[in-house]
Amino acid sequence: MWIHKTPGIPDDLFERIDDVPITKEEARVIQISKARLSEGNLVYDIGCGSGSITVEAGLQIGKTGKIFAVDIDPKAIELTKKNLEKFGIKNVELILSDAKQSIKDLPQADTIFLGGTGGDTKDIVTLCYSKLKSGGRIVIGVILIETMYAVLDVIYKLGFSDVDITQVTISKSKKTSTGTMMLARNPVTIISSTKN
């Protein structure tokens, strides 16, 4: 389905439903880049939504890697499953659960992606810290200013290093009857860091 080595699968190639979020193509590419994935990595995708990060990470870590994709919404898990099948990704275990319950039972991770987590992102980051291997990476995509503040507060308190904050504002073209216009998407802040 996706024959390229580079990330950046177009959004319209993914199965989608209105009430399950997707990490948009350009923000996803940056998150995958910030994760610094390698063949054979063990990865979590917490708040996997439509599974776009799970699919892209699965392609990067190869058949020897493993991903645990977690979401509390059964529709998200079902949609992620459809996208994994569509792109032929088999190295993923889907977990329908509250992240705070499931993270503690997972093996140590090389990389953790953290997305739609409701209002408990700070608690989940703390749990993730205990499950990251030394030198492991965490990549968090946030939209709300309050979530960004909470995440940065806990990341600095836990002693993560190499903290990088990147905010992206993407505009995509749309054809109109008179030409092409650019439509802005919501800004996304991507916070990435390394466990010492």
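Above: the structure in question.
Residues numbered from 1 in each chain as written. Predicted model: local features only at pLDDT ≥ 70, side-chain atom pairs only at ≥ 80, totals over all residues. Heavy atoms only, no water.

With that settled, consider helix α6 (residues 145–158). For α6, built from 14 residues, the straight-helix expectation of 20 Å at 1.5 Å per residue is met to within 8% by its first-to-last C-alpha distance of 20 Å. Among the residues of α6, those classed as buried are Thr147, Val151, Leu152, Asp153, Val154 and Ile155. Buried residues along α6 sit against α5 (121–131), β5 (132–142), β6 (161–168) and β9 (188–194). Looking one or two residues beyond α6, the residue adopting positive phi is Gly159, at roughly 85°. (Helix = DSSP H or I, 4+ residues; strand = E, 2+ residues; numbered from the N terminus. Expected span 1.5 Å × (residues − 1). Buried < 20%, exposed > 50% of the residue type's maximum accessible area, 1.4 Å probe, protein only. Contact = heavy atoms within 4.5 Å.)

Position of Ser50 relative to the elements: it lies in the loop between β1 (42–46) and α2 (52–61). A residue is classified by how much of its surface remains accessible, and Ser50, at 1% relative accessible area, is buried. Excluding its chain neighbours within four sequence positions, the residues that come into contact with Ser50 are Val20, Pro21, Ile22, Leu79, Thr80 and Asn83.

Across the five residues of β1, five count as buried, placing the element largely inside the fold. Burial along β1 is two-sided: the residues Leu42, Tyr44 and Ile46 and Val43 and Asp45 are all buried. As judged from the five bridges shared by β1 and strand β2 (residues 66–71), these two strands associate in the parallel manner. Bridge pairing in β2 places Leu42 opposite Lys66. Note: β1 against strand β4 (residues 109–114), four bridges, orientation parallel. Across the sheet, Asp45 pairs through a bridge with Phe113, a residue of β4. (Pairing = 2+ DSSP bridges.)

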